[in-house]
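Architecture at a glance
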Amino acid sequence: MVVLRKPGKPRYDMPKAYRPIALLNMMWKVITAIIANHITYVTEKHQLLPANHFGGQPGQTTANAMHLLTNKVKAAWRIGKVMSVLFLDIEGTFLNANPERLVHNLRKRRVPTAYTGFV
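Residues take numbers from 1 onward in each chain, read along the sequence in its written order. The model is predicted, so local features are restricted to residues of pLDDT at least 70 and side-chain atom pairs to those at 80 or more, both for listing and for counting; the totals for chains, interfaces and linings are taken over all residues. The basis for the side-chain values is all heavy atoms of the structure; hydrogens and waters are excluded.

1. Some remarks on the overall build of the protein chain
Put simply, the rule reads: Numbered from the N terminus, helices here are DSSP runs of H or I no shorter than four residues, and strands are runs of E no shorter than two. We compute the radius of gyration over the C-alpha atoms and compare it with the globule rule, which gives 2.2 Å times the number of residues raised to the power 0.38.
Each helix and strand counted, the protein chain has four helices and two strands in total. Ordering the α and β elements of the protein chain from the N terminus gives β-β-α-α-α-α. The globule rule puts the C-alpha radius of gyration for 119 residues at 14 Å, and the 22 Å found for the protein chain is more than 25% above it. Reported as C-alpha extents along the three principal axes, the dimensions of the protein chain are approximately 70 × 40 × 25 Å.

Here is the structure:
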């Protein structure tokens, strides 16, 4: 745990003038970043994600996703169809993911064994 001063505070003898920050082991962060970059490379090289998957891909932004959605809706309207959209917030789901199933899916997608072991 590291305690940092908050900038612009008039008095640093008060506890509220400081912010505690928990730091992870630096080598762990470096290894994780290297593995994440390589998994991203393998995913792009073998085209393991669909073209309309925007999350976690370099160069893909929320704006890209919104442009695709807008184009799909307008295309449906032009031919007289009705468009329905369902938005789900599934971020919390990944905290409860089954690790064995995750590793199985990574292996099916030819992610190197050294990385699936790391996961």
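2. A few points about helix α1 (residues 26-45)
Note the following rule: The length a helix should cover is 1.5 Å for every residue beyond the first. Each residue gets one of three labels from its accessible area relative to the maximum for its type: buried under 20%, exposed over 50%, partly exposed in between, using a 1.4 Å probe on protein chains only. Our arc is simply the arc of the directions from the helix axis toward the C-beta atoms. Contact criterion: two residues are considered in contact whenever any of their non-hydrogen atoms come within 4.5 Å of each other.
If you check α1, its first and last C-alpha atoms are 29 Å apart, about what 20 residues at 1.5 Å a residue would give, namely 28 Å. What α1 keeps buried is the set I35, V42 and T43. Viewed along the axis of α1, the buried residues span an arc of 100 degrees, placing them on a single side of the element. In α1, the exposed positions that point more than 90 degrees away from the buried face belong to M26, I34, N37 and K45. Among the structural elements, α4 (113-118) are those in contact with the buried residues of α1. Backbone geometry just after α1 places Q47 at a positive phi near 50 degrees.

3. Concerning the packing of aromatic side chains
What counts, and what does not: Ring geometry is summarised as follows: Phe, Tyr and Trp rings, the Trp one being its six-membered ring, pair when their centres sit within 6.5 Å, and such pairs are stacked at plane angles under 30 degrees, edge-to-face over 60 and tilted between the two.
Applying the stated rule across the entire model yields one aromatic pair. Plain terms: the ring middles of Y12 and Y18 are 6.0 Å apart, the flat faces sit at 65 degrees to each other, and that makes the pair edge-to-face.

4. Examining the pattern of salt bridges
Inclusion rule: Think of a salt bridge as a Lys or Arg side-chain nitrogen and an Asp or Glu carboxyl oxygen that are within 4 Å of each other.
Here the structure, examined in full by the defined rule, presents one salt bridge. D13 is the salt-bridge partner of R11, the closest N and O atoms lying 2.7 Å from each other. Its relative accessible area of 48% is what places R11 among the partly exposed residues.

This is a description of form; function is not addressed.
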